[in-house]
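Structural overview
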Amino acid sequence: MDDSFYEPLANITTTPLGWISSTWQTLCSPNGFLALFLGPILIAMITRYMTGRPTTKAADPNASTVWMVPYWIPFMGHAFDFMWNPLKLMQKARDLSPHEIFALKLGGITANVVSDPVLVKSVMAQKQTAVEFDSIAWTIIQRFFAIPKESKPKYIAAWDELNSHSGLMMREPHMSNMLQSEMNYLEKNIANMITFARGDIDLQPWERWAKASFISSSETEINLMALLRDMMGAASVPAMFGSGLLEKYPDILHDIYEMDNGMVFLIIGLPAWFPWPGVMRAHLARSRLWQALDDLQMNMDKLIDGEDVDYSWGELDDISEFIIKRHLTFKNNNFEIRDRGDLSMLWALVVNASLLVYWQVLYIFATPGLLERIRAEIAPYASVSKPESIGKFTEAPKLRILQEGLAKNCPLLKATYFEALRLSDQPWSVRKVASDVTIYGDKRAEEPVSFQLHRGEYITVPHDLHMKDSRYFKDPEKFDPERFLVTDENGKVTAEIGTIRPYGGGPSMCKGRVFAERECLALVAGVVAYWDIEPVDKKAGWVIPKMVKTTAVSKPLGDSRVRIKRRAFKWK
């Protein structure tokens, strides 16, 4: 039968366009619009109700499961809040949790966040087979420091040997030898910290970076954070890697700062071309750092093989035993130059201590009455002697620093170090649960608690969460070094670190923590003993800038502009 123009289209199949039109009409209807509007709200409410579960008994009959903080968005959980302001989210959850332990849902990951010091200690005491860190460490090594993937088998084979070298940072006589080398640099550099020169060409490198401005032949205006950060690096880097590295690559400290600023970008794998501020700079800085360290490694190879070393490196006879032993391990285990991971050592050496000394010095000068007490305490161990004169020429006064005496006999100075760490340091420890494990709270409590953590979950210990907790630290935002001073039954006063964990914990605890403490105490004592510092704006007085979170010690939101002059000494 022929098609008729006048026949109805009852037997013709609806086209896709008709289906879309029909769906659109349904959605635009009152009922459709109501479903579209109320559906997500209903899903969010159901999710919130289902995830607001109370703590229940776990498979271990003596343990409970960790309380999950309720969330509204399926699957994503707390991910958006965590990315926006993780500390605020965790502080709120901690205050709601009766035992300072709670779980967050971050996409497909469950992160158990632990703040209670006893529970943290229990976590850190677990065996590597139950709570492991190596896979996380390798991810950081590969992504942040750009160690080639194919070198992983070599690192696994040499891992124990490389870790054993880190113990040198805590053993004698190596620690004292390296510290003495750094003291030599500090004594010279602190005495010549400010040149009082008009022209940039006559300034020290750290003065140029800190934007020094000539005031008079005895006074300079300068940025305090930039100054002290570079002063620390200018002493610690040659003490560990030898003087040649910083002399041949004078901008290496600032390449480390730039790479550290882009740590998040590098770890998540953003390519150099990604159109976001800081990504390209971080990649370029890391590339320059690798170039410098590869150059050093190649010349160390030549030295060991009896070949001529590039004259620009000098004799290479002042490199620390720690770096020499690491280099021999790399060479003996057939690591290619590009595989060798000394960038991780250089980064760890520079980024933490260099910022901490700024905060410690700032708090000492800004706290009424504290400066005079510190100067009196450190006088026997950070002394300034009368300079020698030859005709009309007079040298700068000589500084002498006894780092062991500062560490053992200056509890107030050491307490300012701990308090500066508590306020500015924001380290996190992260572990992966390799097998079901139970962690325990204080067994002496009236109602002891324990919690079971499950395989595949993660444990996060944000140490700053505890260090800013008012239940443990009265007025937690206030600088009060006295909180770390302890007097024994004989009246002896010592500085005790207490429950704070600024160096992390467990097997991954910073091996260089004693070295870092002593070099910080030495620089701070030297600066306090030798220089007078005051804020540029005397009317406003000392202002403690807002802290900006970094990978460890916080940066100031803005630098502290100060005026510096040499102290007036009355020589005998």
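Now for a quick tour of the structure. (Residues numbered from 1 in each chain as written. Predicted model: local features only at pLDDT ≥ 70, side-chain atom pairs only at ≥ 80, totals over all residues. Heavy atoms only, no water.)

Right, let's get into the overall build of the chain. From N to C terminus, the chain includes 22 helices and 19 strands. For the chain, buried positions account for 48% of its 572 residues. In the chain, the proportion of contacts linking residues at least 24 apart, taken out of those at least 6 apart, comes to 71%. For the chain, the accessible area works out to roughly 29,800 Å², and carbon and sulfur atoms hold 57% of it. (Helix = DSSP H or I, 4+ residues; strand = E, 2+ residues; numbered from the N terminus. Buried < 20%, exposed > 50% of the residue type's maximum accessible area, 1.4 Å probe, protein only. Contact = heavy atoms within 4.5 Å. Areas by Shrake-Rupley, 256 points an atom, 1.4 Å probe, with all protein chains shown as cover.)

Its 26 residues place the ends of helix α14 (residues 279-304) 38 Å apart at the C-alpha level, agreeing with the 38 Å of an ideal helix rising 1.5 Å per residue. Positioned one or two residues after α14, G306 has a phi angle of 80°, which is positive. (Expected span 1.5 Å × (residues − 1).)

With that settled, the discussion passes to the sheet that holds strand β5 (residues 219-223). Taken together, four strands build an open sheet; the order of strands is β4-β5-β19-β16 and the sheet is antiparallel. Both edges of this open sheet fall to β4 (213-216) and β16 (531-535), since each of them pairs with a single strand only. Across the sheet, the mean angle separating the axes of adjacent strands is 30° when strand polarity is ignored. As paired strands, β16 and strand β19 (residues 561-566) are joined by five bridges and run antiparallel to one another. Its bridge partner being in β19, E534 is matched across the sheet by R563. (Pairing = 2+ DSSP bridges. Axes fitted to C-alpha atoms, helices over the stretch in contact; angles between N-to-C directions.)

Successive residues of a regular strand alternate their side chains across the two faces of the sheet. Strand direction decides the pairing type here: strand β1 (residues 101-106) and strand β2 (residues 109-114), joined by six bridges, are antiparallel. Pairing of L106 across the sheet is with I109, part of β2. What sits between β1 and β2 in their antiparallel hairpin is a turn of two residues, with G107 showing a positive phi close to 65°.

Formed by 123 residues in total, the largest nonpolar core has its most connected members in I190, M193, I378 and L413. With 13 residues, the single largest contributor to this core is helix α10 (residues 224-241). Setting aside residues up to four positions removed in sequence, I378 forms contacts with L406, C410, L413, A525, V528 and A529. Residues V120, V123, V437 and I439 belong to the second largest nonpolar core, which totals 19 residues. (Core = buried A, V, L, I, M, F, W, Y, C linked by side-chain atoms within 4.5 Å.)

This brings us to the packing of helix α17 (residues 353-366) against helix α22 (residues 513-530). Running from amino to carboxyl end, α17 crosses α22 at an angle of 40°, the nearest separation of the two axes being 10 Å. Taken together, the axis directions place α17 and α22 in an arrangement best described as oblique. Two packed elements cross with a definite hand, and for α17 against α22 that hand is right-handed. Touching A353, L356, V357, Q360, V361, I364 and F365 of α17 are E519, C520, L521, L523, V524 and V528, all from α22. Looking at the contact of α17 with α22 residue by residue, the classes come out as 11 nonpolar, one polar and one charged. (Parallel < 35°, antiparallel > 145°, perpendicular 65-115°, else oblique. Left-handed = near helix turned anticlockwise from the far one by under 90°. Nonpolar A, V, L, I, M, F, W, Y, C, P; charged D, E, K, R; others polar.)

Turning to helix α18 (residues 370-378), its buried residues are L370, L371, I374, R375, E377 and I378. Buried residues of α18, seen end-on, are gathered within an arc of 165° and therefore sit on one face of the element. Residues of α18 that are exposed and point over 90 degrees away from its buried face: E372 and A376. Considering only its buried residues, α18 is in contact with α17, β6 (382-385), α19 (403-409), α20 (411-424), α22 and β16. (Arc of directions from axis to C-beta.)

Right, let's get into the packing of aromatic side chains. Enumeration according to the criterion identifies 18 aromatic pairs in this entry. Ring plane angle 55° and centroid distance 5.9 Å describe the contact between Y417 and F418, whose orientation is recorded as tilted. By the burial criterion, Y417 is buried, and F418 matches it. For the pair Y530 and W531, a centre-to-centre distance of 5.2 Å together with 50° between the ring planes defines the contact as tilted. We classify W531 as buried; its relative accessible area is 0%. Taken together, the ring pairs connect W138, Y155, F330 and F335 into an aromatic cluster. (Phe/Tyr/Trp six-rings, centres within 6.5 Å; stacked < 30°, edge-to-face > 60°.)

Further remarks concern the sheet that holds strand β10 (residues 428-433). Pairing within the open sheet is mixed, and its five strands lie in the order β1-β2-β13-β10-β3. Two strands bound the open sheet, and with one partner strand each, they are β1 and β3 (131-132).

Time to look at the packing of α10 against helix α16 (residues 342-351). Axis separation between α10 and α16 bottoms out at 10 Å; the angle between their running directions is 145°. Of the two elements, α10 crosses α16, and the hand of that crossing is right-handed. Two secondary-structure elements touch here, α10 through S236, V237, M240 and F241 and α16 through D342, M345, L346, L349 and V350. Across the contact of α10 with α16, the residue classes tally to seven nonpolar, one polar and one charged.

Opposite charge on two side chains lets them pair, provided their charged atoms get close. Counted according to the given criterion, the structure contains 25 salt bridges. A salt bridge links R400 to E187; the shortest N-O distance between them is 3.9 Å. Highlighted residues: R400 in strand β9 (residues 398-401) and E187 in helix α8 (residues 174-191), separated in sequence by 213 residues. The class of E187 is buried, set by a relative accessible area of 12%. (Salt bridge = Lys/Arg side-chain N within 4 Å of Asp/Glu carboxyl O.)

The subject of this paragraph is the side chain of D339. Turning to its location among the elements, D339 is positioned in the loop between α15 (321-332) and α16. When residues no more than four places from it in sequence are discounted, the contact partners of D339 are I147, P148, S151, K154 and Y155.

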